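# Close look at the chain arrangement
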Amino acid sequence: MKRVSSIVLIMMVAGLAFGGLPVRAQVEEPASTPLSYGQTVQDTISNDRYEHRYWFEGSRGERVYLSAYDLGSGLRIDIALQDALGRVLLQALEGYGSGPLVLGPFELPLDGNYTIVMGRYDGKNGASTGNYLLTLDLAQEAPLTLGEDIAGTLDRALAAHFWEFIAEEKTVISLRTSGEGLRYVLISPDQQAITSAGFSPDPLATFVLLPYAGVYRLSLQTQNFQGSAYSLRVEAHAVTEIVAETPFQDTIGASRRAAYYQIYPPQVDLLRVEVVSADADFAGTVAVYNMAGDRVASASSSDEVDYDLLIEPWVVAQDSYYYYLVVGAAAKVDEDVSFQLTVRPSQLTLLTLGEAVTMRLNRAATKQRYVLEVAAGQSANLSLRPIDGWCTPELHIGPRWTGPFNLETNTIASALTAALRFTETGYLVFEVEVGYSEECVVELLIAPGE
């Protein structure tokens, strides 16, 4: 599940019947600046002026929101809404790089004046400084129907619109929009932000798994100074259950941008996803998400001629564990294209520390891949050398594909050696490749380190 851990939100409703709420200590406070609904202000937090105050007149029952944004300076915004007695009604802290910070919508409990305290993390003792934008407005809220096309306009920087919708547990949705500088935040029924990002037309980038049954709140915001018109569509998707090692035929393209699947994989160490199409116009992407909705593998192309898309290897299967697969169209097409999807055990050879493997590489097979299970903090010594023939092999290490590491000369006496230390626990892929015109037998040895 995509949690936005960098934003902490505290809400305390000011109900007079419930007794006293926290009151700030009586200290000399800077003068307050009046702020009106629909107004956006820009100012600076410095070591000399680490807090700004604004006030506005509100009416009981009005639903308001605040939105603040650090203008690229590394400022950690700490913002609070107080009532006339200085009691905190709403407060939030922005983490580094978390994007615009939205507080609310919040219903004002009484007629009267309210204060917005715009400061930085740790106040006087804090260290961050910089410029910010702040806006205050009445919240535009509406119910949202999944699959509905919505159009509107955010008329200035940091303006936001809000929707609510009801969904069942484990519903798969995607969010698509058009407009300039748009960003969304999706809040779950337990009031946690489960995803926050800019929009993308890529179906893989807009996959969202809703963790609970209940009411979800979506906010849409623009960072552009001039605002933006927008269109919005939040769509729930049917998920098809597929069976491992059984090819599944489907289509994507004009009628739907992506197809969604669920699989309970066989109990093997590593898996492989194959997508192949006989349609010359097929172009797509494939991704795997775990049962929490986090992406664990993806591919946009394959270097094997038999497959349009290939993930090899995929993650370790676990007991009673399932995955979601999404096959998406890479670009908008005018008609549907067909494809075949198959999930099967990985075809890669597992390496054992201390045991050498040999491979023959030539024009028919210019590369070979092996996979090694490693532990964080573990060290090893790697040796790669030709033992017959003539070649200068390259070594790439995945899944993030560092390299290439290649031999300095091309005689069979040459060898590539390296001391390795693994920083994460998991599986690493070692790919050995030679040139198209080369032919040789290569030995790869990964031995335990000291």
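Note on numbering: residues in each chain are counted from 1, in written sequence order. In view of the model being predicted, local features appear only for residues whose pLDDT reaches at least 70, and side-chain atom pairs are presented and counted only at 80 or more, with totals across whole chains, interfaces and linings using the full set of residues. Hydrogens and waters are ignored; side-chain quantities use all the structure's heavy atoms.

### Here's the deal with the state of the cysteines
Here, two cysteine sulfur atoms that lie within 2.5 Å of each other are counted as a disulfide. Under the counting rule described, the total for this entry stands at 1 disulfide. Covalent S-S linkage joins C391 and C440, the inter-sulfur distance amounting to 2.0 Å. Across the disulfide from C391 to C440, rotation about the S-S bond amounts to roughly 85 degrees, and the bridge is consequently right-handed. In this pair, C391 sits in the loop between β32 (379-390) and β33 (394-398) while C440 sits in strand β37 (residues 439-448), placing the two residues 49 residues apart along the sequence. In terms of burial, C391 and C440 fall into one category: buried. Segments assigned H or I by DSSP are reported as helices when at least four residues long, segments assigned E as strands when at least two residues long, and all are numbered from the N terminus. Relative accessibility under 20% of the residue-type maximum defines a buried residue, over 50% an exposed one, and the middle range a partly exposed one, all with a 1.4 Å probe and only protein chains included.

### Some points on the sheet that holds strand β20 (residues 240-241)
A pair of strands counts as paired when DSSP detects no fewer than two bridges linking them. Ordered in space as β20-β22-β27-β24-β25, the 5 strands form an open sheet in which the pairing is mixed. Each end of this open sheet is capped by a strand with a single partner; those strands are β20 and β25 (295-299).

### Considering the pairing of strand β13 (residues 160-167)
Among the 8 residues in β13, 6 count as buried, and that is most of the element. Bridge analysis of strand β11 (residues 140-143) against β13 gives 4 bridges, and the strand direction is parallel. By the bridge assignment, A142 is partnered in β13 with W163. Where β13 lies against strand β18 (residues 214-222), 8 bridges are found, and the strand directions are antiparallel. Bridging from a neighbouring strand, F162 pairs with S219 of β18.

### Things to note about the nonpolar core
Counting residues in each nonpolar core, the largest one holds 27 residues, and the members touching the most others are V273, W314, L325, F339 and L341. For this core, the secondary-structure elements that each account for two or more residues are β22 (258-263), β23 (271-276), β24 (284-290), β25, β26 (309-311), β27 (323-329) and β28 (337-345). It only takes one pair of heavy atoms within 4.5 Å for two residues to be counted as in contact. Contacts of L341, omitting those with residues within four sequence positions, involve I242, T246, P247, F248, Y261, V273, E274, V275, L325 and V327. By convention a nonpolar core is built from buried Ala, Val, Leu, Ile, Met, Phe, Trp, Tyr and Cys residues, the set being connected through side-chain atoms within 4.5 Å. Grouped together as the second largest cluster of nonpolar side chains are 26 residues, V102, A139, L218 and V234 included.

### Considering the pattern of salt bridges
We count a salt bridge whenever a side-chain nitrogen from Lys or Arg sits within 4 Å of a carboxyl oxygen from Asp or Glu. By the definition in use, this model includes 17 salt bridges. Close ionic contact of R272 with E274 constitutes a salt bridge, the shortest N to O distance being 2.6 Å. There is no split in this pair, since R272 and E274 are both buried. One network of salt bridges, in which partners are shared, links R272, E274, E304, E312 and R344.

### Concerning the pairing of strand β6 (residues 77-82)
Of all the 6 residues making up β6, 5 are buried; the element is thus mostly covered by neighbouring parts of the structure. Relative to strand β9 (residues 112-120), β6 runs antiparallel, the two sharing 6 bridges. Residue pairing for β9: I77 is matched across the bridge by R120. Bridge analysis of β6 against strand β7 (residues 88-94) gives 5 bridges, and the strand direction is antiparallel. Pairing of D78 across the sheet is with L93, part of β7.

### Section: the side chain of Q262
Structurally, Q262 can be placed in strand β22. Residues in contact with Q262, not counting those within four places in the same chain, are V239, T240, E241, I242, Y322, Y323 and Y324.

### As for the sheet that holds β37
Across a sheet, strands are paired by hydrogen bonds formed along the backbone, either parallel or antiparallel in direction. Taken in spatial order, the 4 strands make up an open sheet running β30-β37-β32-β35, and their pairing is antiparallel. Each edge of the open sheet carries a strand with a single partner, namely β30 (357-361) and β35 (416-421). Sheet twist, expressed as the mean angle between neighbouring strand axes with direction ignored, is 20 degrees. Strand direction decides the pairing type here: β32 and β37, joined by 10 bridges, are antiparallel. By the bridge assignment, D388 is partnered in β37 with V441. Note on method: axes are straight lines fitted to C-alpha atoms, helices fitted across the in-contact stretch only, with angles between N-to-C directions ranging 0 to 180 degrees.

### Some remarks on the side chain of S67
Within the secondary structure, S67 sits in strand β5 (residues 63-70). Note on S67: relative accessible area 0%, which makes it buried. N or O atoms within 3.5 Å of each other form a polar contact, as long as, within protein, one can give a hydrogen and the other can take it, and as long as residues adjacent in sequence are counted only when both atoms are side-chain atoms. Among the polar contacts made by the side chain of S67, one reaches the side chain of Q221 at a distance of 2.3 Å. When sequence neighbours within four positions are dropped, the list of residues in contact with S67 reads L101, V102, L133, L134, T135, L158 and Q221.

### What about unusual backbone geometry?
Here the amide bond leading from G104 into P105 is cis, since omega sits at 5 degrees, within 30 degrees of zero. Residue position: P105 is located in strand β8 (residues 101-107). In this chain, E312 is followed by P313 through a cis amide linkage whose omega measures -5 degrees. Tracing the backbone through its elements, the reader meets P313 in the loop between β26 and β27. The phi dihedral of K170 falls on the positive side, at around 65 degrees, and the residue is not glycine. Structurally, the position occupied by K170 is in the loop between β13 and β14 (171-178).

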